[in-house]
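Reading the structure
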Amino acid sequence: MPLVVFNQKGGVGKSTITCNLAAISASQGLQTLVIDLDPQGNSTSYLLGDSASDDQPNVAGFFEHSLSYSFRPVPPTEFIVVTPHENLHVMPSSPALTELQTKLESRQKIYKLREALQKLGETYDRIYIDTPPALNFFTRSALIGASGCLIPFDCDEFSRKALYTLMDNVQEIRADHNPDLVVKGIVVNQFQPRANLPQRMVNELIEEGLPVLQPYLPSSVRIRESHEQSLPMIYLDPNHKLTLALVELHEALAD
């Protein structure tokens, strides 16, 4: 089941949530893939650390290949890199994605990722897709090809305003391209239970009938250490409160 982690607002924890859920899947013995569609490459850096390089296979190579016709198409697995963690692979990002976008749009390649995801589903038990903070060609491609969408929310007014537009955009993709697309839920990130504003905002979202997931992910300095060491929390500190919340969230999504 390909799962897209998407929000048009930056800095809400998309890459962190993507990589940590993927790492939990891998730690449970599931063959797991992360596809990094964000040119910034945060998920790529998080999972590969110093081993990430510009000359490795990447998602830009996959899309470039889709622009050329070949009697012997290259399988999407050729653009995947093994991470240092067992059962966890990544299709790395590349800055070249930005330059490719116009070419891909003009050649109407919006369904190529969906075709690749169908093939990759034969190899991987779980596929997580990190997206750029924009509803561009790559985000649309992911939403068209996925079966689920996960929306990070960081409890401020700007995120709340963006959330309603985002929900409308997902419904439009569902209506026009992918009727099987389901909003799996809103992930409350960097939650501070003792602060009044986050609690009030989350309660209001719930009262409005929006699919807010439990548990809320607590704020922690430990996640910065996780980023610095390129070690998702399940590997860095499996008993930390944030790790336990992520594991609980992973189980909720699996139900």
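In what follows, the structure referred to is the one given above.
Residues numbered from 1 in each chain as written. Predicted model: local features only at pLDDT ≥ 70, side-chain atom pairs only at ≥ 80, totals over all residues. Heavy atoms only, no water.

Of the regular secondary structure elements, the protein holds 11 helices and seven strands. Over its C-alpha trace the protein gives a radius of gyration of 18 Å, about what one expects of a compact globule, namely 18 Å for 255 residues. Projected onto its principal axes, the C-alpha coordinates of the protein cover approximately 60 × 40 × 30 Å. For the protein, buried positions account for 54% of its 255 residues. A sequence separation of at least 24 residues applies to 79% of the contacts in the protein between residues at least 6 apart. With the model as given, the accessible surface of the protein reaches about 11800 Å², and the carbon-plus-sulfur share is 47%. Averaging the coordinates of the 20 positive side-chain charges in the protein and doing the same for the 30 negative ones gives two points 4 Å apart. (Helix = DSSP H or I, 4+ residues; strand = E, 2+ residues; numbered from the N terminus. Rg over C-alpha atoms; globule rule 2.2 N^0.38 Å. Buried < 20%, exposed > 50% of the residue type's maximum accessible area, 1.4 Å probe, protein only. Contact = heavy atoms within 4.5 Å. Areas by Shrake-Rupley, 256 points an atom, 1.4 Å probe, with all protein chains shown as cover. Lys, Arg positive; Asp, Glu negative; His and termini not counted. Charge placed at Lys NZ, Arg CZ, Asp CG, Glu CD.)

The subject of this paragraph is the environment of Arg224. Within the secondary structure layout, Arg224 lies in helix α9 (residues 222–229). Residue Arg224 is classed as exposed on the basis of its relative accessible area, which comes to 62%. Sequence spacing of Arg224 and Thr16 is 208 residues, and the spatial spacing of their C-alpha atoms is 9.9 Å.

Glancing now at the state of the cysteines. Following the criterion strictly, the structure yields zero disulfides and no others. Here Cys149 stays unpaired: no disulfide links it, and the sulfur of Cys19, its closest cysteine neighbor, is 17 Å away. Its sulfur unpaired, Cys155 is 18 Å from the next cysteine sulfur, which belongs to Cys149. Residue classification places Cys155 among the buried positions, given a relative accessible area of 7%. (Disulfide = S-S within 2.5 Å.)

Now for the side chain of Asp36. You can see Asp36 is positioned in strand β2 (residues 32–36). Despite being buried, Asp36 has no salt bridge partner; Lys14 is the closest side chain of opposite charge, sitting 7.4 Å away. In this structure, Asp36 is in contact with Gly41, Asn42, Ser43, Thr44, Val59, Met91, Pro92, Ser93, Leu97 and Asp130, ignoring residues within four places of it in sequence. (Salt bridge = Lys/Arg side-chain N within 4 Å of Asp/Glu carboxyl O.)

Two numbers describe how helix α7 (residues 157–176) lies on helix α8 (residues 196–207): the axes approach to 11 Å, and their chain directions differ by 15 degrees. When the axes of α7 and α8 are compared, the pair comes out roughly parallel. Between α7 and α8 lies a crossing of right-handed hand. From α7, Glu157, Arg160, Leu163 and Tyr164 reach across to α8, where they touch Met201, Glu204 and Leu205. Among the residues making up the contact of α7 with α8, the classes are represented as four nonpolar, no polar and three charged. (Axes fitted to C-alpha atoms, helices over the stretch in contact; angles between N-to-C directions. Parallel < 35°, antiparallel > 145°, perpendicular 65-115°, else oblique. Left-handed = near helix turned anticlockwise from the far one by under 90°. Nonpolar A, V, L, I, M, F, W, Y, C, P; charged D, E, K, R; others polar.)

On to the pairing of strand β7 (residues 182–188), then. The side chains of a regular strand alternate between both faces of the sheet. Burial analysis of β7 places five of its seven residues in the buried class, the great majority of the element. Pairing analysis gives six bridges linking strand β6 (residues 148–153) to β7, with the strands arranged parallel. Its bridge partner being in β7, Cys149 is matched across the sheet by Val183. Handedness of the β-α-β unit built from β6, α7 and β7 comes out right-handed. (Pairing = 2+ DSSP bridges. Right-handed = clockwise from strand over helix to strand, strands pointing away.)

Here Lys109 is to be found in the loop between α4 (96–106) and α5 (112–120). Here Lys109 sits buried without a salt bridge, and the closest side chain of opposite charge, Glu115, lies 8.3 Å off (N-O distance). Here the side chain of Lys109 touches Ser66 through a polar contact of 3.1 Å, landing on its backbone oxygen. In contact with Lys109, not counting residues within four places along its chain, are Ser66, Leu67, Leu104 and Phe137. (Polar contact = N/O pair within 3.5 Å; in protein donor to acceptor, adjacent residues only side chain to side chain.)

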